[in-house]
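Notes for the structure review
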Amino acid sequence: MLLAVLLVAVFAAMEFLPGDAARSSLDRGASAAAVAARRVELGLDQPLWNRLLRWMAGLPTGDLGVTSRGEQVAEVIGRHFPGTLLLGGLAFAVTMVAALALALVAALRPSSALDRAISGTSTVVAALPEFVVASVLVLLFALWADLLPAVTVTAAGGGPASAAMLVLPVLSLAVPQIGWNARVARAALADECTAPHVEAAVLDGLPPRRVLLRHVLPGSLPTIAAGAATSVGMLLGGAVVVETIFNYPGVGSVLAGAVRDRDTPLVAGVVVVTSVAILAVLLAADLVRGWASVRRP
């Protein structure tokens, strides 16, 4: 139901944008008659609700429609979605490893200067938009230090030409989410430290690291998993900006181009695919929370 409402909003928003796909898919000097004929060919002469219902009727069979340039939407997304999965997967892995490491280090020294420094820095970093992080990283590592490429060159297979071209896009996506997840994980660890079984382990004289890893961390997993699932949606959303900045071949750049061309079926197709991916991750997070709750002492 929520996806249907989102699709209605997408079609309505694209309808109110200036211009249309007919004019965008033709040469700039195309005549009014050519534009009108193109509108009929694309079905833009039909009412919005008719176009929406006709497009949604193909969803059960996996038919996402045709782009304004005559390509199958599913094929366009299929070519670019693996690139976004690679970028998002790497950013997610970096996010969770770094955030959990920071939270554990802070939890080992509660209320210390290190704990306050990590918490304060995480708050600032979490508030930074991806385009700000990307701009700073490009300035530091591409323009000043000349260590990493500022743009992505596409290889023959459609992916980045070298692994070095992934570094800045991955960090641009991961840095804000590291701040967010570090705060979530630190708060979850702090709450779990007050649990009776943790206090009993401390009174038994177990080493702090063992208490943290064997008794505190498992009970914190449901909250950490929920934060990680939220980050997946943020990473996919941020990919639109990051892929555009770095010329990265992914769904984000496809979405940006589709909005520019007023290609409603392509925009709606990207929304559906990313929504399904996010729902799958949320389901996985629920399973992790359920597993952790069963195993919780």
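One can find the structure itself at the top, above this paragraph.
So, a few notes on the structure that sits alongside this text.

Reading the values: the criteria
Residues numbered from 1 in each chain as written. Predicted model: local features only at pLDDT ≥ 70, side-chain atom pairs only at ≥ 80, totals over all residues. Heavy atoms only, no water. Axes fitted to C-alpha atoms, helices over the stretch in contact; angles between N-to-C directions. Helix = DSSP H or I, 4+ residues; strand = E, 2+ residues; numbered from the N terminus. Left-handed = near helix turned anticlockwise from the far one by under 90°. Contact = heavy atoms within 4.5 Å. Nonpolar A, V, L, I, M, F, W, Y, C, P; charged D, E, K, R; others polar. Salt bridge = Lys/Arg side-chain N within 4 Å of Asp/Glu carboxyl O. Buried < 20%, exposed > 50% of the residue type's maximum accessible area, 1.4 Å probe, protein only. Core = buried A, V, L, I, M, F, W, Y, C linked by side-chain atoms within 4.5 Å. Expected span 1.5 Å × (residues − 1). Bend = angle between axes of the 7 residues up to and from the residue.

Interaxial distance between helix H5 (residues 73-108) and helix H10 (residues 208-245) falls to 8 Å at its minimum, and their mutual angle equals 145°. Once H5 is placed against H10, the crossing between them reads as right-handed. Residue-level inspection shows Thr84, Leu87, Gly88, Ala91, Phe92, Met96, Leu100, Leu104, Ala107 and Leu108 of H5 in contact with H10, the latter providing Pro208, Arg209, Leu212, Leu213, Leu217, Ile224, Ala228, Val232, Leu235, Leu236, Ala239 and Glu243. Here the residues of the contact of H5 with H10 sort into 18 nonpolar, 2 polar and 2 charged.

With that out of the way, let us pick up the pattern of salt bridges. This structure, assessed with the given rule, holds 6 salt bridges. We note a salt bridge from Glu15 to Arg51, for which the minimum N-O separation is 2.9 Å. Of the two residues, Glu15 is situated in helix H1 (residues 2-16) and Arg51 in helix H4 (residues 48-57); the sequence distance between them amounts to 36 residues. Classification of Glu15 as partly exposed rests on a relative accessible area of 40%. For Arg51, a relative accessible area of 11% translates into the label buried. Via salt bridges that share partners, Arg69, Arg260 and Asp261 belong to a single interconnected network.

Once that is clear, we can look at the nonpolar core. Trp55, Ile77 and Leu266 are the most contacted members of the largest nonpolar core, which totals 21 residues. Within the residue set of this core, elements represented by two or more residues are H1, H4, H5, helix H11 (251-261) and helix H12 (264-295). Tallying contributions element by element places H12 first for this core, with 6 residues. In contact with Ile77, not counting residues within four places along its chain, are Leu64, Pro82, Val251, Leu266, Gly269, Val270 and Val273. If you look at the next biggest cluster of nonpolar residues, it comprises 18 residues, including Ala134, Ala142, Leu166 and Ala174.

With 15 residues, helix H7 (residues 130-144) extends 20 Å from end C-alpha to end C-alpha; this agrees with the ideal 21 Å at 1.5 Å per step. Its axis deflected by about 30° at Val138, H7 carries its strongest bend there. Those residues of H7 that fall on the buried side of the exposure criterion are Glu130, Val133, Ala134, Leu137, Val138 and Ala142. As for H7, its buried residues are in contact with helix H8 (164-192) and H10. Phi turns positive, to about 55°, at Asp146, one or two residues after H7.

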